[in-house]
Structure formats: C-alpha cells, structure tokens
Amino acid sequence: MVEALNMALHQEMDSDNDVLVLGADVGVDGGVFRVTEGLIEKFGEQRVIDTPLAEGAIVGTAIGMAAYGLKPICETQFSGFSYYAFQQLESHAARLRWRSRGTYHVPMVLRTPYAAGIRALEHHSESRETYWAHTPGLKMVIPSGPRNARALLLSAIRDPDPVVFYEAKSIYRAFSEDVPDEEETMPLGKAQVQREGADLTLISYGAMMRPTLEAAEILAEDDGIQAEVIDLLSISPLDHETVAASVSKTGRAVVVNEAPRSFSAASEVVARLVEKAFWYLEAPIRRVSAPDVMVPLFAYEQAYLPDTKRVLRAARETLEA
Amino acid sequence: MPVATHLHNLQGEDMARKTIDLPYQIEYLSIFDEEGNLDEDLEPDISDDLLLDMHRCMLLSRRFDERMLNMQRQGRIGTFALVQGQEASQVGSVAVLQAEDWMVPSYRETAAIAWRGRQQPVETMVKLLLYNAGFYQGSASEREEHNFPTSVPVSSQILHAVGLAYGSKYREAGEVVMVYFGDGATSEGDFHEAMNFGSVFQTPTIFVCQNNQWAISIPREEQTESKTLAQKALGYGMPGIQVDGNDLLAVYAATQEAIARARKGDGPTMIECVTYRLSLHTTADDPTRYREDEEVERWAEREPLTRIQNYLKQKELLDDKAIEKLEDEIKAQIKDAVEEFENRSEELKDQALTMFEHIYAEIPAYLQEQRDELAIELEGASSE
Ligand SMILES: Cc1ncc(C[n+]2csc(CCOP(=O)(O)OP(=O)(O)O)c2C)c(N)n1
Ligand SMILES: [Mg+2]
C-alpha cells in the first residue's frame, strides 16, 4: 500500500502544479513510512516541504494554502499526533467554506497512519476516525488495500473539501495487489461490496477488512453460509444506501472495526440500519469492535484487536439468533 | 485631534530609535573540553563521590542502551529511543535535583531515569525493559518518587512541569520540577505556552532542552532560524543559557544556578544542552538517509563519556583498571536485569485483561461487561 500511495502522489504532483506535500520528515527522509519517498528529489523543496515539528502549524498553514488555491497534502507522522491540529481542523478546515459563505474553501488532505498491530509505542495505534467523522465539513476516508488506497487518495486530493485520510499501518506492507498504471479514482462517500452473499452482511473498513473477509471465507467453507462483505471506504460521508440495501436482502448484519466500541463508526452504521432497514432485520445487529480502553502497549495488542475468530463468533451468533 | 495629541505626549522627548535594554543576555558555558582543557575558575565544586556516581550512571546508561539495541534487533523488545551521546546532558542536570524534586521526561531519558532509580539499578532497568517490550506495567512508579511517566507526544509534557511546579509553589513545598525535551520540541506550541506560563507564574521549573542537532531527519538549522534555542527564553522574560551538553561539569554548573534561582522563588530557567544523538532516532530509524557519517564521527570525538573519564583520570579519581571493574559490575547488573525481565514478562504475558485497569478510578458497568466478554473470547482462543 505504501507504493500505491506513493504512486498516487507522484502522478498527481506530476499532473497538477498546485499539489504540494508538507510535514515533518516528508522530504529528505521520504516520510517515516516512506510514503513520500522520491518526491523531494523530483519536485523540489518548494513543493515537498520538510517542516519544523508542529502539527498545528502544518495543518493551519495548509488551510491558508488551500484557501489561496493550492492543494496541500499534509502528513502527521501518526494519527496520535494529529491532535495538535485538532483545533485547526475543527475550527477552520471544516468551517471556512461555511463561514465565508462559499467564498473560500479548503481542498486539503491530511494523510496520517492509524490503527494497531505493528508493535508500536503509546499513541501510535489508535483508531479515532470518529473524531473527524463527527465534525461536519470534514470528510473521513479509510482505504483497505493498495488499489483502493491509490484511487481514493487521488479523489481526496481532487475533492474540493478537506479530507482526513487514514492509512492503516498494519497493511502498509502486509499484502500486494496489482495497481494499474492508468489513472483510477473512486468516489468518496461510496461503499463497495467486496463479496456477494445472501445470508448475512459483514460491514467493515481499513485494516479490519482482512479478518472480515477471512471470516466470510470460513463461513462459506465450514458453515455453507454466504456472507456479503461491504467495505465502507468512507466513514464520512457514510454510504448507508449500499449497507441498507444489503441488509434488506440478508436480514442479518455484523459491523467490524478496531475503534473503541462506543460512539464509533460501527455504532453509526447500526443506527442507520435501524433507521433504514429495521423491518428487514431478522436478528439483532452485532458490533465486533475493540473495547472502550486505551490501546494497550503492544504486549497485549493482539488480545485487544478484533480478529477473524471474533468476527466468526459474532457472525454465527447472529445466524443462530 | 485628541488621539494624536495623546500619542505625542506619550512619546515626548523620548522620541528616538534606540536599542531596548533586555534583562538577559545568552551565555555559553563550557568547562572541560574534549581536548582535556579545564577552566579552573569555572570548575564546579562537586564531591568526589558524586562525580563517581554520575560517571557510573552515565556508563550504565550507555551500556544498557547498547544492550537494548541488541535485544530490539533480536525481537525481544520493541521500538525505543536511544540515549547514546546525551548522557552528560541528562545526568549533569538530573543529579542536581534532590530526591523530593520532580523529574518529567520525554521518551529518551534513559540516563535521567537511571539516575533517579540509582538506588535500585536492576529494578529500574527491568521496568524500562518491560515498558520497551510493550508492558505498561513497566511504566508504573511510586508517587513519592516524583518521577513522571514517559510522554511521547513531543513537547506536551512541558506544560505538566509548569503545573507541577505551580503545585509545589502553592503548597510551599520547595520542590523544583525539571522537564526534558528536544530541539524539535521547541517548534511545538506547547513548548512556547509552557515557557510563557512558567515565566508569568514564576514557577520553579527547569526547562532542559537537549539540542541533539536532529529531530528525526530535520536538522537543528531547519527547525528554527534562531541562532540558539536558549534565546527563546528571552521572549518570555526568562533567563536562558546554552551549555556544552557533552561537558558534565558545564551542565551541572548551569543547573545548579538554575535550581538555586528556582528555590529562592526567582522563577524558571531554560538550559539548552548542545549535544548530539550519536545513534538512531529510534530503532525504527535509518539515519544514513539524512546525515553524513563524517558528522557523526566529528561529534563522536566530543562525546561525553570519554570526556568525563578524562576529567576523572586527571583528578586521579579513576584509572583504566577501575573503569574495567566498573564495566564488569555494570555488565552483571544488566545481565540480572535482563533475566528478571524475562521472568517477569513470562508472568505478565497472559494478563491481557489488565487492559481494563486504570481506565477510570472505578470500572463502569458497561466496561465490566466488555471485560467479561473479552475474558470469554480469550479463554476460547487459548483453549483451541
Ligand atoms: C507531537 C508529536 N509529533 C510527532 C512525533 C513523532 N516524533 C517522535 S520524536 C520526534 C522528533 C523530536 O525531535 P526532538 O524534539 O529534537 O527530540 P529528539 O527525538 O531528538 O530527542 C518526532 C517527530 C511525536 N512523538 N509527537
Ligand atoms: Mg533532537
């Protein structure tokens, strides 16, 4: 996925002079995960800006650049360090269009790694997508693999509104996938059916798509159950049409994510299903999420993280209900 | 117009362009250099025992750091930040604190932590190993130790040091608070806000900036256009001093002055220790991508451990034989610590349900429910 994201950045910077990249260590070092590798050599220091260490300044400056007409892509090294920029995102990135009654808008992207599973330090493993999804005016996008990562990043850069773009560290290098050379974009705010089935709907996104898909395979093989699997891709706007259409067909749903369970994207999916597909439900909807605790330091992170078995258990209970 | 008249009166005969007298200048302090030259006028009066203790702590930190790097490469512990090269900056400052004073670290303070825990060196290392192996149990401390836990978000802890010091001042406890941070941290807002609050409230805070020349791949010169980091103190009306951070004596002397001021009620000081991060930023970093070997070699010649050994040899407090003996003692302590760490992590590894502890003073009902659910999941997983 690192290479696919890098490819999107190279291609978009090639074709659009207004696209800039800024953040600490994004230049010479190529980003701490190497997503911005090779950009400074190709596009120079004016377009690939190694900033002093100040996330609030990175995002706040990007807002000004975006309002001026540029298309900045900022990076904070881990989503756990984006909170210094919280105030800029909440108070300005999200609101400038609204406040100026459409005169200014903020076509920026904040790229930032999220999620657990790589034996990292404190603050390096959280899934706090709800913070951004909860803020009107921000879009919140989370790809689940190389191909959709590249397509969604292109769409995010071109989107006229600010996008927070979460990249799951645990799948940065976990698997490969063919990514076509030709340009490919995907609409923001649109979920994707990754596997079709009539018995049960599994809904997930980001790093949790892998255990979810694996659970669907096992259900097919061992239980003769065909699960439909939906990848949300955008947390906000949330595509409840696709989700509700599926659940209206299957009558059963399990939502999988690795954020703390309460008030999470999974909760919102459940709420929308209750509103849109209640009369089709044949069993209570289940959430498979992380508990409402701090992500433990890594000795216990596997115990914390939802996995294939937990998805399977919830799916089977839903089917029996 | 009345407004104009008013302005005119204010300026009066003072109308001129002239330099404003600022209360502080920025000094640079170096006492014992890498060539072995000693400025005897500046030499601080430190007892032989204390000198030897500080040396021992620096040596232990160096060897422990090397051992941890090794263990990380073997997969026995996780990512950690290396202290090599910064031992004098940390030990020279922390050693001036009294036991009841406070120490607020960031994430690279192995040497400062080793000093604070020098009564139980093995236990102190065990805890660092546990922490670096992903066990939060390693992050616990006794409240009366007055050692704050590691803070990873750069510069965020500096504000806490101001608050702690406010508490000390409010209760007239006489405790001072020392906080560590890097050159990169001086670009974050929290640093500036903490400096301002500390100065406005005149808290007994010692701001120790370890300028190790790099913030991951961003060199000091690209972090700020200002000539020194110490001069940032001037903007907040606080004394600031730049010291040779590889010179234990200089760090110690500057800290002594700062602490004396803080104890008298004369407020905070910022100390910039000019030092160098000799090794990796963290074990996840590859410095060859952004810095030249020659630079590292140049700084290696100025490194603090050899420097203090030279001084102690000049004073005839130490010789090669004594160093060798110390090395052996330290090696044995590290070995004990690693063994104890292995035992303890073996015991702890199945205690994942502790993740529900210390979230709140009391676990709420919904969380207890989640704990019970996870217990069943984990039991199911382990019985398969
Ligand atoms: C707020 C925040 N942003 C980014 C990081 C990632 N990070 C960890 S250390 C570091 C460099 C800090 O440099 P400096 O303050 O000079 O301290 P040093 O690491 O050199 O000791 C960065 C960017 C972080 N921990 N916190
Ligand atoms: Mg530094």
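Cut-offs applied
- Throughout this description, residue numbers start from 1 for each chain and increase along the sequence as written.
- All chains are assigned letters beginning at A, and all ligands numbers beginning at 1, according to the order in which they are written.
- Per-residue local features are limited, in this predicted model, to residues with pLDDT of at least 70; the limit for side-chain atom pairs, both in listing and counting, is 80 or more; totals at the level of whole chains, interfaces and linings are taken over all residues.
- The basis for every side-chain value is the complete set of non-hydrogen atoms in the structure, without hydrogens or water.
- A run of H or I in DSSP becomes a helix once it reaches four residues, and a run of E becomes a strand once it reaches two; helices and strands are each numbered from the N terminus.
- Accessible area is worked out with a 1.4 Å probe on protein chains only. A residue is then buried under 20% of its type maximum, exposed over 50%, and partly exposed in between.
- Contacts are residue-level and defined by heavy atoms, with any inter-residue pair within 4.5 Å sufficient.
- Residue-level accessible areas treat just the shown protein chains as cover; the underlying method is Shrake-Rupley with a 1.4 Å probe.
- Residues scored as positive are Lys and Arg, those scored as negative are Asp and Glu, and His as well as the terminal groups of each chain are ignored.
- Positions of charges follow a simple convention, taking NZ of Lys, CZ of Arg, CG of Asp or CD of Glu.
- What goes into a patch is any residue over 30% in relative accessible area without a salt bridge, connected to like charges within 9 Å or, for nonpolar side chains (Val, Leu, Ile, Met, Phe, Trp, Tyr), within 5 Å.
- We define a salt bridge as a side-chain nitrogen of Lys or Arg found within 4 Å of a carboxyl oxygen belonging to Asp or Glu.
- Only N, O and S atoms count as donors, using a 2.8 Å limit from the metal and a wider 3.2 Å limit for Na, K and Ca, and since water is excluded some coordination spheres may look unfilled.
- Known as pLDDT, the predictor's confidence for each residue is given on a scale from 0 to 100.
- What marks off one domain from the next here is an automatic or database domain assignment.
- Once two parts are brought into contact, the accessible area they lose, counted with a 1.4 Å probe and summed over both, makes up the buried area.
- Pairs of N or O atoms within 3.5 Å make up the polar contacts considered here, provided that, within protein, one atom can donate a hydrogen while the other can accept it, and that residues adjacent in sequence are counted only when both atoms are side-chain atoms.
- Nearness is defined per residue: one heavy atom within 4 Å of the molecule or strand is enough.
- Gly is placed with the polar residues, together with every amino acid not listed as nonpolar (Ala, Val, Leu, Ile, Met, Phe, Trp, Tyr, Cys and Pro) or charged (Asp, Glu, Lys and Arg).
- Working definition of a nonpolar core: buried Ala, Val, Leu, Ile, Met, Phe, Trp, Tyr and Cys residues. They are joined through side-chain atoms within 4.5 Å.

Another aspect to go through is the overall build of chain B. Looking only at helices and strands, chain B features 13 helices and eight strands. Here chain B holds 384 residues, and the buried ones make up 54% of them. Pairs at least 24 apart in sequence give 76% of the contacts found in chain B among residues at least 6 apart. Summed over its atoms, the accessible surface of chain B is roughly 18700 Å², and 48% of this surface lies on carbon and sulfur atoms. Chain B carries 36 positive and 70 negative side-chain charges, and their two centres are separated by 1 Å.

Here we come to a negative patch on the surface. Where like charges cluster on the molecular surface, the negative patch consists of E35, E292, D293, E294, E297 and E301 of chain B. Structurally, E292 of chain B can be placed in the loop between strand 8 (269-274) and helix 10 (293-300).

This paragraph deals with the coordination of the magnesium ion (ligand 2). In the first shell of the magnesium ion (ligand 2), the protein supplies D183 of chain B (OD), N212 of chain B (OD1) and W214 of chain B (O), at 2.0 to 2.1 Å from the metal. Residue class for W214 of chain B comes out buried when judged on its relative accessible area of 7%.

A separate point is the confidence of the model for chain B. For chain B, per-residue confidence averages 95 on the pLDDT scale, and 96% of positions sit at 70 or higher. Among the scores for the predicted complex, ipTM is 0.95 and pTM is 0.96.

What follows is about the domain arrangement of chain A. Residues and elements named next belong to chain A. Domain boundaries assigned for chain A yield domain 1 (2-171) and domain 2 (192-320). On a C-alpha basis, the centroid separation for the pair domain 1 and domain 2 is 27 Å. Contact with domain 1, which involves 27 residues of that partner, is made by 24 residues of domain 2. Summed over both partners, the interface of domain 1 with domain 2 buries about 1900 Å², with 56% contributed by carbon and sulfur atoms. Three residues stand out in domain 1 for area buried against domain 2, namely R119, I142 and S144, and they jointly supply 22% of the buried area on that side. If you look at where domain 1 meets domain 2, you find zero salt bridges. Where domain 1 touches domain 2, the interface holds nine residue pairs in polar contact (both at pLDDT 80 or more). Secondary-structure elements contributing two or more residues to the side of domain 1 that touches domain 2 are helix 6 (129-133), strand 5 (139-141) and helix 7 (146-158).

The subject of this paragraph is the site of ligand 1. Inspection of the region around ligand 1 gives 20 residues, with E55 of chain A together with Y107, R108, D183 and G184 of chain B positioned closest. Residues lining ligand 1 come from chains A and B. The separation between a nitrogen atom of ligand 1 and a polar main-chain atom of V154 of chain B is 2.9 Å. Between ligand 1 and N212 of chain B, the relevant distance is 2.9 Å, taken from an oxygen atom to a side-chain nitrogen or oxygen of the residue. Summarising the interface, the protein chains cover 95% of the accessible area of ligand 1, which totals 570 Å² for the free molecule. Taken together, the residues of the shell around ligand 1 break down into 11 nonpolar, five polar and four charged.

The nonpolar side chains of a soluble globular protein tend to be buried, and buried together. Ranked by size, the top nonpolar core spans 102 residues in total, and within it L202 of chain A together with M54, V243 and M355 of chain B carry the most contacts. Setting aside its immediate chain neighbours within four residues, V243 of chain B contacts Y28, L29, A250, V251, A254, I271, E272, C273 and V274 of chain B.

Another point: the side chain of D190 of chain B. By secondary structure assignment, the location of D190 of chain B is in helix 7 (residues 189-200). For the buried D190 of chain B, which has no salt bridge, the nearest side chain bearing the opposite charge is K232 of chain B, at an N-O separation of 15 Å. Ignoring sequence-local partners within four residues, the contact set of D190 of chain B consists of Y84 of chain A together with S155, S156 and L159 of chain B.

Turning our eyes to something else, we now look at the pattern of salt bridges. Tallied over the full model, the rule gives 43 salt bridges over all chains. Across the pair E87 of chain B and R62 of chain B runs a salt bridge whose closest N-O atoms are separated by 2.6 Å. Of this pair, E87 of chain B sits in helix 3 (residues 87-94) while R62 of chain B sits in helix 2 (residues 48-73), placing them 25 residues apart in sequence. R62 of chain B carries the same exposure label as E87 of chain B, and that label is buried. In this structure, K264 of chain B and D266 of chain B form a salt bridge, with 3.6 Å as the shortest nitrogen-oxygen distance. According to the relative accessible area criterion, K264 of chain B is exposed, its value standing at 65%. Residues participating in the shared-partner salt-bridge network are D29, R34 and E37 of chain A together with R289 of chain B.

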